[in-house]
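Now for the letters of each chain:
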Amino acid sequence: MWSPRPYVRVDPRKAHTFSTTRRFTDGAPGPDVPYALHLTDEAGRFRLLALDFDAHHAGSTATADLAACTSALTAAGIEHLVCSSGPGGGYHVWIRLSTAISPTRLAPVVDAFAAAWPSLDRGPLANPRTGCVRAPGSPHRSGGTSVPLGDTDIHPASLRALKRAVEQLGAHPHPAAAANPTVATLPVHVDVEGHPHLAGPRRPLPAKIRALCSTPITSSGDASAIGWSIVLACAHARMQYRDLARAAFTENWPGLEFLRTRRTAGGRTPRLDTEQELARQWAKAVTAASHATRTSCTASPARRTAERTVADLIARMEAQPEQWQGKTGAQSRLVLLALAARVLSAASEEVHFSERDWALAAGLVRDTVADRLTDLADRGWIRRTQRAVGPWAATWRVATRGGGETGSGAVFTPVLAQQLHEELECARADIWHARPLGVLGMRVWDLLRTGRVSVGELATRLGVCAATVRSKLRALQSLGLCTASGRAYQGRSRLTRAAAAAGVTGAHADRVRLYRLQSAVFVWWFTTRYQAEDSDALAEWGSFPSPAEAEQVHPVDIALAYGATATGPPVEATTWGAAMAAQDRHREPDPGSWWELVAAARAALPAADVLAAPHQWAATAA
């Protein structure tokens, strides 16, 4: 999938010459035959980067250079794959490129990397015609293989992101020269079966992890999160792959349920790929443990402030239940909870939050969020500190009473965070897109989960008439979410089956797709205006369509891009609609890469404060 060419170079005599080629259609070269990937396509443009850190000589800095490389790439937002090269102790760092890059444009980046990391072999990067590097999984001529130390599903990176990585080299001292006791660079060894593990004597697991290991996974528990915590702790404890395999499949630790079964609409079902999943999770955990940074366990002052802000907000909301009655009140509640979640995740009192992202977080539509934001700002719940400018979202914060410190005395707890997460996750469920339910149907169902509540009490608490409550109860009952006596059926599987019965399966995913398309088109338009030269996005997408080009796009294609149904007339063939259809076509081959390229194009545009002064009109357009 990664190869820029339809063939690999092979080394059948194990002489490190890779003198012959073998097409993919001819099958694998053989179990012990080393093979290498070209880094460029047949036009000589780079599609892959392989940073080969050589550890074959005394005094090699490969381990230190690898740590500096992964730190710089991570800081620049570049996904990468680290592979242990083989028995020699070297490493390969693989980076996929979102667009083909000429050797001339890539040369400054390669020069900077080579100057920063002495053990980097720049030979393959300096030879666009025949330069190649042994592929992940390829045998080594001296025994062993190139072992991936992480998830091989990495998103491509742009040239602009690589330049950001070069900028990181000046911001971070070289590990070999910097006396920084907080950074741990731990050596990774490989067992006889080719699985990685941290070097050193085995350590006991912490008491909290041992408790997680023995605690059964409940229907409301996150098996993946619990299992990942255990696997990562096992990697830190210097356990090996065979130890984890025995714990998961022989001793059957309850906390490792995610390795044995997977979550489906009907509950958890046995995995058919247990060994592959175990190997993937283990390699990822060893990689994370080997490059971990020792930091204090105490929360930062910014995070503590954000937690106090959220705790105070929720306490104030609970003290004024009358403000969240009716349909608009329920929508306003979700909008506030989504802001609280963003404040927590960013650990900042002020957050950038676009109306589309806000709508997706709260399970609402953008127009509803826009109306609720105006109302909440007028009522003193939130405050916009900076307007949206161009492709940059507005900045928002929770408004404190009187503009001063919070005074509710509320304490933030993990239980509060879990409740916040669960309510927003429920709001994003497909079932609430069903016309008979909506946000009020969700509120009725949510109140029924606390116990049997009469129609009159539901009407009072929700601020609606009894007839509205009865209609929601009938709809919930018809979709299998409650009984005739008012007892709610709970669980994600119930919501999934109800969505299928109502014909709204995938409704939230469709909204995500539509809003991402709209954001991408807006970024594309701005990129054409302000970044027309040297843009990776425009190199792949081309310029924004003109009115004449828009006339060539069929209205049905535009309607499909907008997510329109067959019940109404096609969307008018406007320039904007043609751009939506074009972006939809770009998105289909590789959605992950497409969205990464959109993010890179957005980051390359002028900052909000630069656009704001001469282009105040852009705030309205955004």
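The residue numbering used here restarts from 1 in each chain and proceeds along that chain's sequence as written. Two thresholds apply to this predicted model, a pLDDT of at least 70 for residue-level local features and 80 or more for giving and counting side-chain atom pairs, whereas whole-chain, interface and lining totals are computed over all residues. Hydrogens are left out, water is left out, and the side-chain values use all remaining heavy atoms of the structure.

Quick look at the confidence of the model for the protein now. pLDDT gives the predictor's per-residue confidence on a scale running from 0 to 100. Across the protein, the average pLDDT comes to 83, with 88% of residues at 70 or higher. Ranking the elements of the protein by mean pLDDT puts helix α25 (residues 617–621) last, at 39, and helix α12 (residues 366–378) first, at 95. Scored below 50 in pLDDT, residues 171–184 shows 14 contacts in the model against residues more than four places distant or in partner chains. Of the regions scoring below 50 in pLDDT, residues 614–622 engages in 17 contacts with residues more than four places distant in sequence or in other chains. Under the scheme used here, helices are H or I runs from DSSP no shorter than 4 residues and strands are E runs no shorter than 2 residues, and both carry numbers assigned from the N terminus. The contact definition used throughout considers only heavy atoms, calling two residues in contact when any of these lie within 4.5 Å.

Another point: the nonpolar core. Here, nonpolar core means buried Ala, Val, Leu, Ile, Met, Phe, Trp, Tyr and Cys residues that are tied together by side-chain atoms lying within 4.5 Å of each other. Each residue's exposure class comes from its accessible area (1.4 Å probe, protein chains only) as a fraction of the maximum for that residue type: buried when under 20%, exposed when over 50%, partly exposed otherwise. Core analysis: the biggest nonpolar cluster contains 98 residues, and Leu339, Trp358, Ile431, Trp432 and Leu476 have the highest contact counts within it. Here Ile431 is in contact with Leu437, Leu479, Leu481, Leu495, Ala498, Ala499, Ala502 and Val504, once residues within four sequence places are set aside. Grouped together as the second largest cluster of nonpolar side chains are 74 residues, Val33, Leu39, Phe46 and Ala233 included.

Its location among the elements puts Ser138 in the loop between β8 (132–134) and β9 (147–148). Here Tyr35 takes part through its backbone nitrogen, which lies 3.0 Å from a polar atom of the side chain of Ser138. Setting aside anything within four residues of it in sequence, one finds Ser138 in contact with Pro34, Tyr35, Thr145 and Ser146. In protein, a polar contact requires one atom able to donate a hydrogen and another able to accept it; more generally it is a pair of N or O atoms within 3.5 Å, and residues adjacent in sequence count only if both atoms are side-chain atoms.

This brings us to the packing of helix α11 (residues 355–362) against α12. Geometry is summarised by axes, namely lines fitted to C-alpha atoms with helices restricted to the contacting stretch, and by angles between N-to-C directions that run from 0 to 180 degrees. As a packed pair, α11 and α12 sit with axes 8 Å apart at the nearest point and diverge in direction by 100°. Regarding the angle of α11 to α12, the classification is roughly perpendicular. Seen from α11, the contacting residues are Glu355, Arg356, Trp358 and Ala359; seen from α12, they are Arg366, Val369, Ala370 and Leu373. Basically, the charged four are Asp, Glu, Lys and Arg, the nonpolar ten are Ala, Val, Leu, Ile, Met, Phe, Trp, Tyr, Cys and Pro, and anything else, Gly included, counts as polar. By residue class, the composition of the contact of α11 with α12 is 5 nonpolar, no polar and 3 charged. Here roughly perpendicular refers to angles of 65 to 115 degrees, roughly parallel to angles under 35, roughly antiparallel to angles over 145, and oblique to all remaining angles.

With that out of the way, let us pick up the pairing of strand β16 (residues 395–398). By the alternation rule, side chains of β16 split into Thr395 and Arg397 and Trp396 and Val398, which are all buried. Strand pairing is defined by DSSP finding a minimum of two bridges between the two strands. Judged from the 3 bridges that link them, strand β14 (residues 350–352) and β16 form a sheet pairing that is antiparallel. Across the sheet, His352 pairs through a bridge with Thr395, a residue of β16. Pairing analysis gives 4 bridges linking strand β15 (residues 382–386) to β16, with the strands arranged antiparallel. Residue pairing across strands places Arg383 opposite Arg397, the latter belonging to β16.

Before going further, it helps to examine the sheet that holds strand β6 (residues 91–101). The strand order across the open sheet formed by 5 strands is β7-β4-β6-β5-β9, and the pairing between neighbours is antiparallel. Strands with a single pairing partner mark the edges of an open sheet, and in this sheet they are β7 (120–121) and β9. Sheet topology places strand β5 (residues 81–84) next to β6; 4 bridges connect them, and they run antiparallel. If you follow Leu81 over to β6, its bridge partner there is Trp94. Its contacts with the sheet place helix α1 (residues 62–75) against β4 (46–53), β5 and β6, and it is angled at close to 35° to β6.

Quick look at α1 now. Here α1 is 14 residues long and its end C-alpha atoms lie 20 Å apart, about the 20 Å a rise of 1.5 Å per residue gives. By the burial criterion, the buried members of α1 are Ala62, Ala64, Asp65, Leu66, Ala67, Ala68, Cys69, Thr70, Ala72 and Leu73. Take the residue count of a helix, subtract one, and multiply by 1.5 Å to get its expected span.

So, on to the side chain of Glu277. Summarising the element assignment, Glu277 is placed in helix α8 (residues 274–290). Reaching out from Glu277, the side chain makes a polar contact with the side chain of Arg280 at a distance of 3.2 Å. Not counting chain neighbours up to four residues away, the residues in contact with Glu277 comprise Leu259 and Arg271.

On to the packing of helix α9 (residues 301–319) against helix α10 (residues 326–346), then. For any two helices packed against each other, the geometry comes down to the angle between their axes and how far apart the axes lie. Running from N to C, α9 and α10 cross one another at 165°; their axes reach a closest spacing of 9 Å. The orientation of α9 with respect to α10, classified from their angle, is roughly antiparallel. For the pair α9 and α10, the crossing hand works out as left-handed. Residues Arg303, Ala306, Glu307, Val310, Leu313 and Met317 of α9 touch α10, and the partners they reach there are Arg333, Leu336, Leu337, Ala340, Val343, Leu344 and Ser345. Grouping the amino acids of the contact of α9 with α10 by side-chain chemistry returns 9 nonpolar, 1 polar and 3 charged. Crossing handedness is defined as follows: a turn of the near helix away from the far one that is anticlockwise and smaller than a right angle gives a left-handed crossing, while the clockwise case is right-handed.

Before going further, it helps to examine the pattern of salt bridges. For this analysis, a salt bridge means a side-chain nitrogen from Lys or Arg found within 4 Å of a carboxyl oxygen belonging to Asp or Glu. A full pass over the atoms with the stated rule returns 20 salt bridges. Among the salt bridges present, the one from Arg443 reaches Asp446, with a minimum N-O distance of 3.8 Å. Separated by 3 residues within a single helix, Arg443 and Asp446 lie in helix α14 (residues 438–448), roughly one turn from each other. Judged by its relative accessible area of 24%, Asp446 is partly exposed. Salt bridges linked by common partners bring Asp41, Arg45 and Arg47 together as one network.

To continue, consider the sheet that holds β15. Spatially, the 3 strands line up as an open sheet ordered β14-β16-β15, and their pairing is antiparallel. Every other strand in the sheet has two partners, leaving β14 and β15 as the edge strands with one partner each. Going across the sheet, the axis of each strand differs from the next one's by a mean of 35°, ignoring polarity. Those strands touched by α10 are β14, β15 and β16, and its axis lies near 100° from that of β14.

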